[in-house]
Each structure stands twice: as C-alpha cells, then as structure tokens.
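# Notes for the structure review
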Amino acid sequence: MFNKQKTYGSPGRLLSTIGVLSTTLIMTCLGYSYKLLSGLGGDAIDPVEICGKVNSVKVPEYSAHCILFVTLILQGWWGTLILNFPFLFYNFAQWYPGKYLLDSTQIFPTLSEVMHELKIKAGLFFLAILYNFWEWTSWSPPSYLAMKKLFRRTKNLGIYF
C-alpha cells in the first residue's frame, strides 16, 4: 500500500482529527457554494448577495485544502497526498491571480461553467475520500507493532474483538 503511517499515539490522532475536520470543511464549502449558485438560476435572488456569500466561502475552502495537504505530508499518506495535489494546484492557480472571486455582473454568462467546476471538484474530492477510506480499511499493522491478545490496531482506531 502507498500509505505507510508515520505517526502513532496522540500526534497521529491529532493529525487525523485535523484531516477529518478540514475534509468536512472543504465538502461543506463546496456544497454551500453549489446550493447558493443553483438558486441563482431562477433569477429570484440578488446576484450581488449570492456572489458575496460564495466569495466569503472560498478563502476557508482554500485554507482547508492547504491544511489538509500539510496534514497528509506529516502523516505520510502519500497516495492520498498525490490525489489531493491537483486540488491544491488548481486552487493556487485560481487564487494567485485573483480569479477565484465571482463577479456579480458576469455571473449569469459564466454560471454553467462555475456549476460544472463545482460538480467536478466535489466529485473528484469525493473519490479521493473513498480512496482514503479504502486505504484505511485495508491497512494491516506492521510486524514491529506489538499485537496483544484480542486486540488489533487499525491506523488510529483500536478495535476490540
């Protein structure tokens, strides 16, 4: 497997908690942005207000991606890190020149593109989460980890039989 865990004990649990929280924040931001922009198609909502709300969610989403990337490096989860690198690169390519902000005057011509982009980002990130879950469930403890009677250690979760 690609993912050889480097940290055990409290630091590993802390890093795993940070990873789960940042992943939850990313998915929440993507879902919230999609919900706001899908309501914009009916022309009943003010586009200035919607663009302001979506723009305020972009910085936490990009920050969570950076935190997740650093967490994956510290944990040594290289397979998941490689799957998340395109997200980080795309977010940096959008953020650096300032293209990540939605313009309320140009939102209607570009609404289908933005919605398509959100669907692709959410879908690919969900596939990365499924891969991470598969790696987590298929992990077996290394030979140097002491096995106790009726106890098996699975990454950071102790399972009692």
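Computed from a predicted model, the values in this text were never measured in an experiment. (Residues numbered from 1 in each chain as written. Predicted model: local features only at pLDDT ≥ 70, side-chain atom pairs only at ≥ 80, totals over all residues. Heavy atoms only, no water.)

## Side note on the overall build of the protein
Quick note on the threshold: Note on conventions: DSSP H or I runs of at least 4 residues are helices, E runs of at least 2 residues are strands, and numbering of each starts at the N terminus. The cut-offs for exposure are 20% and 50% of the maximum accessible area for each residue type, with area from a 1.4 Å probe on protein chains only; residues under the lower value are buried, those over the upper are exposed, and the others partly exposed. In this description, contact between two residues means that some pair of their heavy atoms is separated by no more than 4.5 Å.
Scanning the protein for helices and strands turns up 4 helices and 2 strands. Mapped in sequence order, the helices and strands of the protein form the string α-α-α-α-β-β. Sorting the 161 residues of the protein into buried and exposed places 37% on the buried side. The long-range share in the protein, meaning contacts at least 24 apart out of those at least 6 apart in sequence, stands at 75%.

## Overview of the confidence of the model for the protein
Low-pLDDT portions of the prediction should not be read for the details of their coordinates. Cut-off, in case you're wondering: pLDDT is a per-residue confidence score from the predictor, ranging from 0 to 100.
Averaged over every residue, the pLDDT of the protein is 79; the share at 70 or more is 79%. Taken element by element, the protein is modelled with least confidence in strand 2 (residues 157–160), mean pLDDT 44, and with most confidence in helix 2 (residues 47–75), mean pLDDT 90. Note on residues 153–161: pLDDT under 50 across the span, and 31 contacts to partners over four residues away in sequence or across chains.

## Regarding helix 4 (residues 107–138)
Note that an α-helix has 3.6 residues per turn; residues three or four places apart therefore point the same way. Put simply, the rule reads: A helix's residues, less one, multiplied by 1.5 Å, set its expected span. The angle separating two fitted axes, one through the seven residues that finish at a residue and one through the seven that start at it, defines the bend at that residue.
Between the first and last C-alpha of helix 4 there are 44 Å, a value that for 32 residues agrees with the 46 Å anticipated at 1.5 Å per step. In helix 4, a bend of some 30 degrees at Glu113 exceeds every other bend along the element. The set of residues buried in helix 4 consists of Ile107, Leu111, Val114, Met115, Leu118, Lys121, Phe125, Ala128, Tyr131 and Glu135.

## Some words on the side chain of Gln75
As a reminder of what qualifies: Polar contact is defined as a pair of N or O atoms within 3.5 Å, subject to the rule that within protein one atom must be able to donate a hydrogen and the other to accept it, and that residues adjacent in sequence are counted only when both atoms are side-chain atoms.
You can see Gln75 is positioned in helix 2. Within the local environment of Gln75, its side chain forms a polar contact with the side chain of Ser16, the two groups lying 2.9 Å apart.

## What to know about the environment of Gly52
Inspection of the secondary structure puts Gly52 in helix 2. The sequence separation of Gly52 and Leu101 amounts to 49 residues, and the corresponding C-alpha distance is 8.8 Å.

## Focus: the packing of helix 2 against helix 3 (residues 78–95)
What counts is decided by this rule: For helices, the fitted axis covers only the stretch in contact; all axes are lines through C-alpha atoms, and the angles between them, taken along N-to-C directions, range from 0 to 180 degrees. An angle below 35 degrees is read as roughly parallel, one above 145 as roughly antiparallel, one from 65 to 115 as roughly perpendicular, and any other as oblique. Handedness of each helix crossing follows the sense of rotation of the near helix against the far helix: counterclockwise by less than a right angle gives left-handed, clockwise gives right-handed. Under the scheme applied, nonpolar residues are Ala, Val, Leu, Ile, Met, Phe, Trp, Tyr, Cys and Pro; charged residues are Asp, Glu, Lys and Arg; polar residues are all the others, including Gly.
Interhelical geometry of helix 2 versus helix 3 gives an angle of 150 degrees and a closest axis separation of 9 Å. When the interaxial angle is binned, helix 2 and helix 3 end up roughly antiparallel. Seen along the crossing, helix 2 lies across helix 3 with a hand that is left-handed. Packed against helix 2, whose contacting residues are Tyr62, His65, Cys66, Leu68, Phe69, Leu72 and Ile73, the element helix 3 presents Trp78, Thr80, Leu81, Asn84, Phe85, Phe87, Leu88, Asn91, Gln94 and Trp95 at the interface. Looking at the contact of helix 2 with helix 3, its residues break down into 12 nonpolar, 5 polar and no charged.

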